[in-house]
Amino acid sequence: MTQIALSPFYRMTNPVQDYAWGSRTALTTLFGLPNPEGVPQAELWMGAHPNGCSLVELDGAPTRLADLIAAHPEATLGAATVARFGALPFLFKVLCADKALSVQVHPSKAQAQAGFARDNAAGLAANAPNRNYRDDNHKPELVFALTPYQAMNGFRDFAAILALFQRVAAPSLAPLVSAFAAQQTPSGLAGFFRALLTLQGHAKEEALAALHAAALAHREEETFAAVLALFEQYPGDVGLFAPLLLHVVTLTPGQAMYLGAGTPHAYIRGTGLEIMANSDNVLRAGLTGKHMDVEELLSCTRCEPTPAEKIILAPSMEGAVQHFEVPVPDFTFSVYPAGQHELHSASAEVLLAIDGELSLVQGGASLSLQPGQSAFVPAATGHYQVQAKGRFARAGNG
């Protein structure tokens, strides 16, 4: 590796995305970040994504992290990451949902590459609203709850889906439910899912009215309580059926979930840390006013049940350190407790102070972070020490 005069640590200035579903108070409450205009602050991005690149200070001037990496790829990323990915392979976020995000599925790497090429060949602009693929990468992701965090994740068992829809008892849904009951297979679920997503006119209105009535009658159940909350946010949307199809789960602070390619999911409410492959590919299945391509969505959806016991991702413990192991090389994610830690950067890392001051030290160099602040640690930094007065998160790639 070429040795250059990189600092061992760079304080990051991170952009905040003000999507409409974001919270107006979460970043202020958790981290003291100001929001004088009271706008919805949905996501704080830590990384080098072109749609929201962090800044670092270089020679006294604010510099895009992507430019620092491009100027010194091996020293910042490490030779192995440069060879495999060519760029920082992950995007790290604080996600603050006050309203539900769209029900969505992310494509596999191969699907993203093929879809991106098709959209390019069709001449679709990079920001075209009817474009399915924004880049050629997959988007596996992990979310770690900082507050109670409600979400939907993965299809329920076939029998559980049928039981819930039978309780809705909408005449317009009866033939769809019967067809699925007669074919309780992935292809049967795919057909049922397609039929729900393409409901139109009177059939859609009748089905949603019956769903609302059932939710009112069973509002003490988490599933139907979620339906009622979503009705207030997205009236008339076919995504309102999602809680009957997907597991509804509320993570307690400190719990995490992994979401791989082909798994339908949606975040409903809460604040968490989210890390993902460096991609913006989303195929939507409701709870949205944005573009929905049902056939493309279904081609990327695994219409198979997700076992309930596999939704929560149990960490591998190293003392009191939580390592959340994922089946992709794009990112690693760990949460460390207060105390002193000896760390080594083999690839680029981002450290985020969660609930206490954090000091990074190497020789005579040091950097202090307050809760909500983050640092970029180049691969060339190698061995360094962390003194933590509270928890901190460590993102990297393996």
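Residues numbered from 1 in each chain as written. Predicted model: local features only at pLDDT ≥ 70, side-chain atom pairs only at ≥ 80, totals over all residues. Heavy atoms only, no water.

Asks: Please explain the environment of His72 as it appears in this structure.
Replies: Summarising the element assignment, His72 is placed in the loop between α2 (65–71) and α3 (73–77). Expressed as a C-alpha distance, the spacing of His72 and Pro378, which sit 306 residues apart in the sequence, is 9.8 Å. (Helix = DSSP H or I, 4+ residues; strand = E, 2+ residues; numbered from the N terminus.)

Asks: Looking at this structure, I do not really get the layout of surface pockets. What am I missing?
Replies: To find leftover empty space, one rolls a probe the size of a water molecule over the atoms. Considered as a void within the structure, the largest pocket measures approximately 730 Å³ in volume. Taken together, 34 residues form the lining of the largest pocket, with Tyr19, Trp21, Ser102, Arg284 and Lys290 sitting closest to its centre. Taken together, the elements giving at least two residues each to the lining of the largest pocket come down to β3 (43–46), β8 (90–97) and β14 (265–277). Broken down by element, the lining of the largest pocket gets its largest block of residues, five residues, from β14. Its residues assigned to classes, the lining of the largest pocket shows 14 nonpolar, nine polar and 11 charged. There is about 280 Å³ of room inside the second largest pocket. When grouped by side-chain class, the residues that make up the lining of the second largest pocket number five nonpolar, four polar and six charged. (1 Å grid on protein atoms, 1.4 Å probe; cavity = no way out; pocket = protein on both sides within 12 Å on 5 of 7 lines; lining within 4 Å. Points joined across faces, edges and corners; volume = space filled by probe spheres on them. Nonpolar A, V, L, I, M, F, W, Y, C, P; charged D, E, K, R; others polar.)

Asks: Help me understand the packing of helix α6 (residues 158–168) against helix α7 (residues 174–182), please; the structure alone is not making it clear to me.
Replies: Packed helices, taken two at a time, are described by the angle their axes make and the gap between the axes. Running from amino to carboxyl end, α6 crosses α7 at an angle of 160 degrees, the nearest separation of the two axes being 11 Å. It follows that α6 is roughly antiparallel to α7 by the angle criterion. Considering only the axes of α6 and α7, their crossing is left-handed. The segment α6 lies against α7, with Phe158, Ile161, Leu162, Phe165 and Gln166 engaging Val177, Phe180 and Ala181. Here the residues of the contact of α6 with α7 are counted per class, giving seven nonpolar, one polar and no charged. (Axes fitted to C-alpha atoms, helices over the stretch in contact; angles between N-to-C directions. Parallel < 35°, antiparallel > 145°, perpendicular 65-115°, else oblique. Left-handed = near helix turned anticlockwise from the far one by under 90°. Contact = heavy atoms within 4.5 Å.)

Asks: Would you explain the sheet that holds strand β21 (residues 358–362) in this entry?
Replies: Backbone-to-backbone hydrogen bonds pair the strands of a sheet. The strands run either parallel or antiparallel. Strand order in the open sheet formed by four strands is β19-β24-β21-β22, and the pairing between neighbours is antiparallel. Every interior strand has two partners, whereas the edge strands, β19 (339–345) and β22 (365–369), have only one. Each strand of the sheet is rotated relative to its neighbour by a mean of 20 degrees, with strand direction disregarded. Bridge analysis of β21 against strand β24 (residues 382–388) gives four bridges, and the strand direction is antiparallel. By the bridge assignment for β24, Leu360 is matched with Val386. (Pairing = 2+ DSSP bridges.)

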